[in-house]
Amino acid sequence: MSTKKDNFSSSDKFFMKLAINLARSRKGLTGDNPSVGCVIVKNNNIISIGQTGINGRPHAETNAIKNAFQNLSGAKMYVTLEPCNHYGKTPPCTKTIIKSGIKEVIYSIDDIDKKVKGKTIKILSRNKIFVKKGLLEEEVKDLYDSYRINRYYKVPFVTGKIAISKNKLIYSKDIKKITGTISDKLTHYLRFKNDAILVTSQTLNIDNPKLSCRLKGYESFSPKRVILDSKLKINLNSYIFNSIKKNNTIIFYNSLNKSKLKVLRKKGANLVRSKLNSLNNFNLKQILHKLFALGVRNLLVEGGDKITKNMLKERLFNQFYLFQSKKKLSILKEHCFFTSFNILKNRYNNDFKITSKLANDKITIYKK
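The paragraphs below set out a description of the structure included in this document. Every chain begins its residue count from 1, and numbering advances along the sequence as written. Two thresholds apply to this predicted model, a pLDDT of at least 70 for residue-level local features and 80 or more for giving and counting side-chain atom pairs, whereas whole-chain, interface and lining totals are computed over all residues. By convention in this description, side-chain values take in all heavy atoms of the structure and omit both hydrogens and water.

### Observations concerning the overall build of the protein
So, point 1. Broken down by element type, the protein carries 13 helices and 16 strands.
So, point 2. Judged by the C-alpha coordinates and their principal axes, the protein covers about 70 × 50 × 40 Å.
So, point 3. Of all 368 residues assigned to the protein, the portion counted as buried reaches 53%.
So, point 4. A contact between two residues is defined here by any heavy atoms of the two lying within 4.5 Å. Summarising the internal contacts of the protein: among those between residues at least 6 apart in sequence, 71% fall at separations of at least 24.
So, point 5. Values of accessible area rely on a 1.4 Å probe in the Shrake-Rupley scheme; residue burial ignores everything except the protein chains shown. Surface summary for the protein: the accessible area is close to 18,800 Å², and the carbon and sulfur share equals 50%.
So, point 6. All tallies of charge rest on Lys and Arg as positive and Asp and Glu as negative; His and the ends of each chain are not included. For this purpose, a charge sits on NZ of Lys, CZ of Arg, CG of Asp or CD of Glu. For the protein, the distance from the average site of its 72 positive side-chain charges to the average site of its 26 negative ones is 5 Å. Here a strand is any run of E in DSSP of at least two residues, a helix any run of H or I of at least four, and the numbering for each starts at the N terminus. With a 1.4 Å probe rolled over the protein chains alone, any residue whose accessible area is under 20% of its type maximum counts as buried; one over 50% counts as exposed, and the rest are partly exposed.

### As for a nonpolar patch on the surface
So, point 1. The grouping of Phe14, Ile46 and Ile49 at the surface amounts to a nonpolar patch, some 270 Å² of accessible area in total.
So, point 2. Here Phe14 is to be found in helix H1 (residues 10-26). Patch definition: residues with relative accessible area over 30% and no salt bridge; like charges joined within 9 Å; nonpolar side chains (Val, Leu, Ile, Met, Phe, Trp, Tyr) joined within 5 Å. Basic side-chain nitrogens of Lys or Arg form a salt bridge, by our definition, when they fall within 4 Å of a carboxyl oxygen of Asp or Glu.

### A few points about the sheet that holds strand E13 (residues 319-324)
Pairing between the strands of a sheet comes from backbone hydrogen bonds, and it takes one of two forms, parallel or antiparallel.
So, point 1. The criterion for strand pairing is that DSSP finds at least two bridges linking the strands in question. As summarised here, the arrangement of the nine strands in space is E11-E10-E9-E8-E12-E6-E13-E16-E15, forming an open sheet in which the pairing is mixed. The strands lining the two open edges of the sheet, one partner per strand, are strand E11 (270-273) and strand E15 (350-354). For this sheet the average axis-to-axis angle between neighbouring strands, irrespective of direction, equals 20°.
So, point 2. Pairing between strand E8 (residues 196-200) and strand E9 (residues 224-228): five bridges, direction parallel. Looking at the pairing, Ile197 lines up with Arg225 of E9. Between the N-to-C directions of two axes lies an angle of 0 to 180 degrees, each axis being a line fitted to C-alpha atoms and, for a helix, fitted only over the stretch in contact.

### Side note on the packing of aromatic side chains
So, point 1. Stacked, tilted and edge-to-face pairs are distinguished by plane angle, under 30 degrees for stacked and over 60 for edge-to-face with tilted covering the rest, among Phe, Tyr and Trp rings (Trp via its six-membered ring) whose centres lie within 6.5 Å. One pass over the structure, following the stated rule, counts eleven aromatic pairs.
So, point 2. Consider the rings of Tyr189 and Phe192, whose centres lie 6.1 Å apart with planes at 55°: the pair is tilted. You can see Tyr189 and its partner Phe192 sitting in helix H7 (residues 181-193), three residues apart, about one turn around the helix.
So, point 3. Aromatic pair Tyr218 and Phe221: ring centres 6.2 Å apart, planes at 45°, arrangement tilted.
So, point 4. Look at Tyr218 and you get partly exposed, because its relative accessible area is 38%.
So, point 5. Geometrically, a charge over a ring is one whose NZ (Lys) or CZ (Arg) sits within 6 Å of the ring centre while staying within 35 degrees of the ring normal. Above the ring of Phe323, the side-chain terminus of Lys161 is found at 5.4 Å from the ring centroid.

### Topic: the nonpolar core
So, point 1. Ranked by internal contacts, the top residues of the largest apolar core, which has 38 residues, are Ile40, Met77, Ile102 and Tyr144.
So, point 2. Breaking this core down by element, the ones donating at least two residues are H1, strand E1 (37-42), helix H2 (60-67), strand E3 (76-81), strand E4 (104-109), helix H4 (120-126) and helix H5 (137-143).
So, point 3. Looking at which element gives the most residues to this core, the answer is H1, with six residues.
So, point 4. Setting aside anything within four residues of it in sequence, one finds Ile40 in contact with Asn45, Ile46, Ile47, Ser48, Ala64, Ile65, Leu72, Ala75, Lys76, Met77 and Ile102.
So, point 5. Throughout, nonpolar core names a set of buried Ala, Val, Leu, Ile, Met, Phe, Trp, Tyr and Cys residues whose side chains join them through atoms within 4.5 Å. Tyr171, Phe282, Ile287 and Phe341 belong to the second largest nonpolar core, which has 36 residues in total.

### Here's the deal with the sheet that holds strand E2 (residues 45-51)
So, point 1. Read across the sheet, five strands follow the order E2-E1-E3-E4-E5 without closing on themselves; strand pairing throughout is mixed. Each edge of the open sheet is held by one strand with a lone partner, namely E2 and strand E5 (130-133). Shown here is a sheet whose adjacent strand axes are inclined to one another by a mean of 15°, direction ignored.
So, point 2. By the bridge criterion, five bridges tie E3 to E4 in an arrangement that is parallel. Residue pairing for E4: Met77 is matched across the bridge by Val105.
So, point 3. In the packing of H2 onto the sheet, the strands contacted are E1, E2 and E3, and the crossing angle to E2 comes to about 135°.

As structure tokens, this is what we get:
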């Protein structure tokens, strides 16, 4: 057995990159479990691939072994994360690997779960399976940023997003669209990759958004809607209210408006009463912990200037997408400026640009 991190061939790196791409494509869709990619190779040819199942099961290794079109005796497995080695809702992947006849396993990084971490090498080695780890470790660490946040802090991985005009407005009355088609598609991709989307009742009542994923073929992956509405001001004629179904809408409130509560409860909204601070705002950290307890693991925030500023000040965004349009919006009408540029640049100094000849907008991603 070897654990040297630099003792890998070019073909090892090639196969692991395929596994990384498999894991990345399913990131955000695997619930409590991390998204894992797996490639099985025999005589230097790929004979099977696997990904973690939607909502987290089956695991990637199990899927890859099940999908194999050749006998696995003597094969080599490449997997992005240490295979699980304990009984949970499914049997351990190590047991499945041992039974399969696979004779070598290369994985990138240890699982942070204490029930798993560092134990797989011993289990597989005892069963005469050669194991190495550390392949493309730096690339894979970034892949599991949300998994680490979920496990260590018991909160969702939070992505912020806001669109502004050339003159730094986020809103001008009667103007619906600020950004172009490419930016819109990226917005819907972010909705696809997050299991919940959060706005305030103010944004909801001004914009009357759908908050759905409208990428063709992915509509069923629309995120759960989360509304911060302390005074229960939600417009009962809004699209969001009229499309409430069981388990698709969470409303945080503080009001004791019994008639409004009755209507929302009857409609099927999940109502969560939460305390306000001295400024009559929700404690946003508590909101994140409550959302985690409700099963939210990846949260997209598409709020207005106030909620965005508060979350930036408290460093609650793990990453933030800033869409900057070339359009100028009118300040003669009712309007709102984006006032958090300095906070964003000071708190999130790790940024990079998305560029495309097809996109008219400037897109910057800020990370911690």
